[in-house]
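Listed below are the residues making up each chain.
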Amino acid sequence: MAEQMTVKPAATGTTDAAVLGYRRSPAHHLAELMAAASGEQVRLREVPFLTQITIRATAPEAVEAVGNALGVTMPSAVGEVAQGEFGEGGSGSSGSSGSSGSSVSVVWLSPDEWLAVLGDEADTGVSIAAVVESLSVALGERRGQVVDVSSNRTTLELSGSKARAVLDKTIELDLHPREFPVGRAVSTQMESVAVILWRSADDTWLLMPRASFAEHVVGWLADGMREFS
Amino acid sequence: MMVIPCPFCGPRNETEYTYGGQAHVAYPENPDALTDEQWAQFLFYRDNPRGSYAERWQHSAGCRKWFNAVRNTHTYEITHVYRLDQARPDGLPKAPLATKEVGA
């Protein structure tokens, strides 16, 4: 029984590929609906399984240490997103022996809260556990937390020349490039659903709703896309 | 629709916020020493002015931070927004009624 009481150390290696094969993304059953709603002017698809890590820290040196581990300068104001490279080639130090790396984006969510977004671990070879461990070590004993929230939200990509027109029907922020340039991301509401809205390119927007809202958000967007399909 | 300026995120629609009631209502230093009437005063009695009113708001759909705002209850104009750790702006009514002595 003593063995069962022992706390297992966090895995540092890459997650078993066979295990990753069993994953089902929150909107995977809506792929046909999204494809049917998509056309030349606006397209919708899910970008599943992005690695998402919530970082909370208050002390400036703690924030800096976590940023160094991610290879970025942590953003300090609303809307800012920092870009970097984690793992091989970057300044991040993943403990795994795999020769892999991932681009990382750090979204400002609050004065003491950030969301680090990396590629799907099945594609990048950078396991969630390795990122969490690296950041936890960087944070050390200082006040804060590093938590894997990859399953909390999914990512929907709305793109095309009419993507902003679709969002303008329902997002109450000013999405003109003057106010919402490429690279800006904010936590806001779409209809009544809390989402992170992220302009990743001129005509490409990422919406990150909670997993259980994926079906509602996809249906809502598909309805807004009808006049353009 | 009110547009409330979050001190961290900037102006957002009121639907992104949660209302937190009157600001600056201090928790009693020694709750055990209060009479039931005084405890009820602390719990349930709040000012209801026609004019400037300091309120707590939370930007629940954004940064999730609490902050204080001074809102005119007649015009809905928000004149001050400040963090919880900042002093309340000058020119406001001082202690809220709820903290006045019962029977005074």
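All figures in this text were calculated on a predicted structure; none of them were measured in a lab. (Residues numbered from 1 in each chain as written. Chains lettered and ligands numbered in written order. Predicted model: local features only at pLDDT ≥ 70, side-chain atom pairs only at ≥ 80, totals over all residues. Heavy atoms only, no water.)

Along the backbone of chain B there are one helix and six strands. Seen in sequence order, chain B has helices and strands lined up from the N terminus as β-β-β-α-β-β-β. For chain B, long-range pairs separated by at least 24 residues make up 47% of all intrachain contacts whose partners lie at least 6 apart in sequence. Here chain B displays about 6,400 Å² of accessible surface, and carbon together with sulfur accounts for 49% of that area. (Helix = DSSP H or I, 4+ residues; strand = E, 2+ residues; numbered from the N terminus. Contact = heavy atoms within 4.5 Å. Areas by Shrake-Rupley, 256 points an atom, 1.4 Å probe, with all protein chains shown as cover.)

With that settled, the discussion passes to the interface of chain B and chain A. Contacts between chain B and chain A engage twelve residues on the former and 14 residues on the latter. Both sides of the chain B and chain A interface together cover about 1,000 Å² of buried area, and 41% of this is carbon and sulfur. Here chain B is connected to chain A by two salt bridges. In this structure, Arg64 of chain B and Glu113 of chain A form a salt bridge, with 2.7 Å as the shortest nitrogen-oxygen distance. Connecting chain B to chain A are eight residue pairs in polar contact (both at pLDDT 80 or more). (Buried area = accessible area lost by both parts, 1.4 Å probe. Salt bridge = Lys/Arg side-chain N within 4 Å of Asp/Glu carboxyl O. Polar contact = N/O pair within 3.5 Å; in protein donor to acceptor, adjacent residues only side chain to side chain.)

Residues and elements named next belong to chain B. As enumerated under the stated definition, the model contains seven aromatic pairs over all chains in all. Arranged with centres 5.0 Å apart and planes meeting at 65°, the rings of Tyr19 and Trp57 form a pair that is edge-to-face. Residue Tyr19 is found in strand β3 (residues 18-22), and its partner Trp57 is found in strand β4 (residues 52-58); the two are separated by 38 residues along the sequence. The exposure class assigned to Tyr19 is partly exposed, which follows from its relative accessible area of 41%. (Phe/Tyr/Trp six-rings, centres within 6.5 Å; stacked < 30°, edge-to-face > 60°. Buried < 20%, exposed > 50% of the residue type's maximum accessible area, 1.4 Å probe, protein only.)

The next point concerns the pairing of strand β2 (residues 51-57) of chain A. Residues and elements named next belong to chain A. Of all seven residues in β2, six are buried; the element is thus mostly enclosed. Pairing of β2 with strand β5 (residues 113-118), which is carried by six bridges, proceeds in the antiparallel orientation. By the bridge assignment, Thr51 is partnered in β5 with Leu118. In terms of strand pairing, β2 meets strand β6 (residues 144-148) through five bridges, oriented antiparallel. Each residue of the ladder has a partner; that of Arg56, found in β6, is Gln145. (Pairing = 2+ DSSP bridges.)

Attention shifts here to helix α4 (residues 60-70) of chain A. In an α-helix there are 3.6 residues to a turn, and that puts residues three or four apart on one side. Residues and elements named next belong to chain A. Those residues of α4 that fall on the buried side of the exposure criterion are Ala62, Val63, Ala65, Val66, Gly67, Ala69 and Leu70. Summarising the contacts, the buried residues of α4 are in contact with β2, β3 (81-87), β4 (101-110), β5 and α6 (128-139). After α4 finishes, the residue Gly71 shows a positive phi value of roughly 80°.

A separate point is the pattern of salt bridges. What the rule picks out here adds up to 13 salt bridges over all chains. For Arg45 of chain A, the salt bridge goes to Glu157 of chain A, with nearest N and O atoms at 2.9 Å. Here the residue Arg45 of chain A occupies a position in strand β1 (residues 43-47), and Glu157 of chain A occupies one in strand β7 (residues 155-159), the gap between them amounting to 112 residues. Judged by its relative accessible area of 44%, Arg45 of chain A is partly exposed. Glu227 of chain A is paired through a salt bridge with Lys169 of chain A; the nearest N and O atoms lie 2.8 Å apart. Note that Glu227 of chain A is positioned in the segment after α8 (214-225) and Lys169 of chain A in the loop between α7 (163-168) and β8 (185-190), a separation of 58 residues in sequence. One salt-bridge network, held together by shared partners, links Arg56 and Asp112 of chain A together with Lys65 of chain B.

For the rest of this paragraph, the subject is the pairing of strand β10 (residues 204-209) of chain A. All names here are of chain A. Of all six residues that make up β10, six are buried, and the element is covered over most of its length. Along β10, one buried face is formed by Thr204, Leu206 and Met208 and the opposite face, lined by Trp205, Leu207 and Pro209, is buried too. Inspection of the sheet shows β7 paired to β10 by four bridges, in the antiparallel sense. In the sheet register, Ser159 faces β10, and the bridge partner there is Thr204. Counting the residues between successive antiparallel strands, the hairpin from strand β9 (residues 193-201) to β10 contains two residues.

All names here are of chain A. For chain A, mean pLDDT is 90; residues scoring 70 or higher make up 88% of the total. Note that pLDDT drops below 50 for residues 1-12; the model gives that stretch six contacts with residues more than four away or on any other chain. Throughout residues 90-98 the model reports pLDDT below 50, and contacts reaching past four residues in sequence, or to other chains, amount to 15 contacts. (pLDDT = per-residue confidence, 0-100.)

What follows deals with the sheet that holds β4 of chain B. Residues and elements named next belong to chain B. If you walk across this open sheet you meet the four strands as β3-β4-β5-β6, and the pairing is antiparallel. Among the strands making up the open sheet, the edge pair consists of β3 and β6 (78-83). Looking at each pair of strands side by side, their axes are set apart by 30° on average, direction ignored. Summarising the sheet, β3 and β4 pair through three bridges and their orientation is antiparallel. Counterpart to Tyr19 in the pairing with β4 is Trp57. (Axes fitted to C-alpha atoms, helices over the stretch in contact; angles between N-to-C directions.)

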